[in-house]
Amino acid sequence: MERPFAITLDVGSSRANHTGSWRVERPVYLDYLPPCNDACPAGENTQRWLYLAESGSYEAAWRALVEDNPFPATMGRVCFHPCETACNRVKVDEAVGINAVERFLGDVALDKGWELPRPGSAADGPARPGTASGRRVLVVGAGPGGLSAAYHLARRGHQVVVADANAEAGGMMRYGIPAYRLPREVLAAEIDRLRPLGVELQLGHVVRDLAAERRDGAYDAVYLGVGAQLARRTDIPAGDSGRVLDALSLLRAAGDGSIELGRRVAVYGGGDTAMDVARTARRLGATDPVIVYRRTRDVMPAHDEELDGAIAEGITVRWLSTIDRFEGGKLVLERMTLGPDNKPVPTGELEELEADTLVLALGESADLSLVEGLDGVQVHDGSVLVDASMMTGAAGIFAGGDVIAGSRTVTDAIGHGKAAARGIDAVLGGEVRAPATRHELASFERLNTWYYDDAPRTIRPELDRIRRQSSFDEVFGSLDETNALFEARRCLSCGNCFECDNCYGVCPDNAVIKLDGAQLDGPPQRRYVVDYDFCKGCGICAAECPCGAIEMIPELI
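Because the structure is a prediction, the values reported are computed rather than measured.

J.: Got a sec to walk through the sheet that holds strand β2 (residues 136–140)? Specific residues and values, please.
T.: Strand order across the open sheet formed by 5 strands is β4-β3-β2-β5-β18, with parallel pairing between neighbours. Looking at the sheet topology across the chains shown, the edges are occupied by β4 (200–203) and β18 (397–399). Sheet twist, expressed as the mean angle between neighbouring strand axes with direction ignored, is 20°. Along the sheet face, helix α7 (residues 144–155) touches β2, β3 (159–164), β4 and β5 (221–224) and points at about 170° away from the line of β3.

So, in structure tokens, the structure goes:
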């Protein structure tokens, strides 16, 4: 029987009408690379652990964090947080206080005694559950890079021995960073957590002949992380009364209280070490510490927060000045001007500055005597050359941290140690690993920021300035649980779905299905899927996604 057009459909469910066939575009859920993750030299999955922290799952957040970095309490104090510089929220109000939340998680872990994951539980790379690899690796240097490499190697089942000439582990974290930035008990507690993983620390052990050490210890691979502990000097004429020290010697001596500087201390240099030295001198009794720098503030290598901290503690800076000579308790300074490419040019104008002690903070270099004569190891401009896996030209010898070219920070060294551990593990396992695929960067333009509330950044508590001038007590305090939770919730989850239900709620065809732990051909899943039988490709879900995790792509016919 011929029916009128309006009733040509058979009786049954409307789901029989696959209206999605009208579509010319389809929405897909994508994962983009958050800018904070991209900027982290240690390779932390920052957005992941912030997501867990904002729900109050602090232990889960800490465990996600230590998959990449075993020292969150330390890094939450000394890292210069490039993740925050890259944070998209800085274009809305202020960057998320990622560093402060990391420190909070690290401190909570120490307080509650949480243990690092044991060998065989590695989330990345080939795990060897419950079994040792039978391979031995020597790590030279117990600084951040060496300890990071040891941690990641131990988790992969390798036997790791860390040799260091110093009496205590930590490298420049222990002997170069002042206690007012990094309390020694915090550093020691985080290092001690490595021992139950099987990491053996041989302190006071000087490695002089690397080839012999490797042969005698039957080591299958070596990681060099000796750090930059040789102070650079310059030729400044000084009379008998002129006391001249290098920055590293002062910082090391300050740790055990074995140094007297006098009232008037001048520091020559413009990096973070110069700031640390001047602030340390203030705490050791110098009433008139002054920093002498050849250029201007806008080209000074020191981080702004370090310089601001120094100025707040009463330290002065003599800009555009160099030191001609040091004699009779007086520094003779020469005024400079900036020429092309910001190079300082002498003016011939001299002035005097009274000083009891001059401290040279002109940078540090690594001692590369260990690699001299090793076949295959190449050195260029004072740095060891390595490939993408951190291996030198000598089979089985890897290097990172201050001995290779690049930025010399604790965070960089920790990242190098992790990368080298992966490289060593691959070599020992006879594998060739392809570089991980990098997702497209989550840009600010993808976000619908009007969905997020205004939320001013949480300010960490700070020791008052008078006490800072005479005490090595920690300058910045930790967040408490309330404001750490608030700060974590300021994260915009750039480029990655955080299950806000926007797409689920705005879809006019109910084509977005919320999984909420559903089982789809595998383990339970969360987030959402689109029922393309009914999605008409209107794009409302993509337009209204706060974090820009949905993309409209052309439909293939």
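J.: Tell me about the sheet that holds strand β10 (residues 316–318), and please be specific about residues and values.
T.: Across a sheet, strands are paired by hydrogen bonds formed along the backbone, either parallel or antiparallel in direction. Read across the open sheet, the 5 strands follow the order β7-β14-β8-β9-β10; overall the sheet is parallel. With one partner strand each, in any of the chains shown, β7 (243–246) and β10 form the two edges of the open sheet. Averaged over neighbouring strand pairs, the angle between their axes works out to 25° when direction is ignored. Of the pairings in the sheet, the one linking β7 to strand β14 (residues 357–360) comprises 4 bridges and is parallel in character. Across the sheet, Asp-246 pairs through a bridge with Leu-360, a residue of β14. Lying over the sheet, helix α11 (residues 247–256) contacts β7 and β14, oriented at roughly 85° with respect to β7. Where helix α12 (residues 272–283) meets the sheet, it contacts β8 (265–268), β9 (290–292) and β14, and its direction lies at approximately 175° from that of β8.

J.: Can you tell me about helix α9 (residues 184–192), naming the residues and giving the values?
T.: Of all the residues in α9, the buried ones are Val-186, Leu-187, Glu-190 and Ile-191. Buried residues of α9, seen end-on, are gathered within an arc of 130° and therefore sit on one face of the element. Contact partners of the buried residues in α9: α4 (72–78), α6 (98–112), α7, α8 (172–175) and β4.

J.: Tell me about the pattern of salt bridges, and please be specific about residues and values.
T.: In this structure the tally under the stated criterion is 43 salt bridges. One salt bridge in this structure joins Glu-555 and Arg-23, with 2.7 Å as the shortest N-O distance. Of this pair, Glu-555 sits in the segment after β23 (550–554) while Arg-23 sits in the segment before β1 (25–29), placing them 532 residues apart in sequence. A relative accessible area of 18% means that Glu-555 is categorised as buried.

J.: Would you mind going over the environment of Arg-48 in detail, with residue names and values included?
T.: Within the element layout of this structure, Arg-48 appears in helix α2 (residues 46–53). When the C-alpha positions of Arg-48 and Ala-61 are compared, they lie 7.7 Å apart, and in sequence the two are 13 residues distant.

J.: So, the confidence of the model for the protein chain: which residues are in play, and what are the values?
T.: Here the protein chain averages 90 in pLDDT, while 93% of its residues score no lower than 70. Scored below 50 in pLDDT, residues 122–130 makes 19 contacts in the model with residues more than four places away or belonging to other chains.

J.: With reference to specific residues and values, describe the packing of aromatic side chains.
T.: The final tally for this structure, using the stated rule, is 7 aromatic pairs. Here the aromatic rings of Tyr-58 and Phe-104 are separated by 5.2 Å at their centres, their planes lie at 80°, and the arrangement is edge-to-face. In this pair, Tyr-58 is assigned in helix α3 (residues 58–65) and Phe-104 in helix α6, connecting sequence segments 46 residues apart. Assessed through its relative accessible area of 11%, Tyr-58 is described here as buried. Given the relative accessible area of 7%, Phe-104 is considered buried. The lysine or arginine in question, Arg-252, covers the ring of Tyr-175, its NZ or CZ lying 4.1 Å from the ring centre. The cationic tip of Arg-283 hangs over the ring face of Tyr-180; the distance from NZ or CZ to the ring centre is 3.9 Å.

What counts, and at which threshold
- Residues numbered from 1 in each chain as written.
- Predicted model: local features only at pLDDT ≥ 70, side-chain atom pairs only at ≥ 80, totals over all residues.
- Heavy atoms only, no water.
- Pairing = 2+ DSSP bridges.
- Helix = DSSP H or I, 4+ residues; strand = E, 2+ residues; numbered from the N terminus.
- Axes fitted to C-alpha atoms, helices over the stretch in contact; angles between N-to-C directions.
- Contact = heavy atoms within 4.5 Å.
- Buried < 20%, exposed > 50% of the residue type's maximum accessible area, 1.4 Å probe, protein only.
- Arc of directions from axis to C-beta.
- Salt bridge = Lys/Arg side-chain N within 4 Å of Asp/Glu carboxyl O.
- pLDDT = per-residue confidence, 0-100.
- Phe/Tyr/Trp six-rings, centres within 6.5 Å; stacked < 30°, edge-to-face > 60°.
- Lys NZ or Arg CZ within 6 Å of the ring centre and 35° of its normal.

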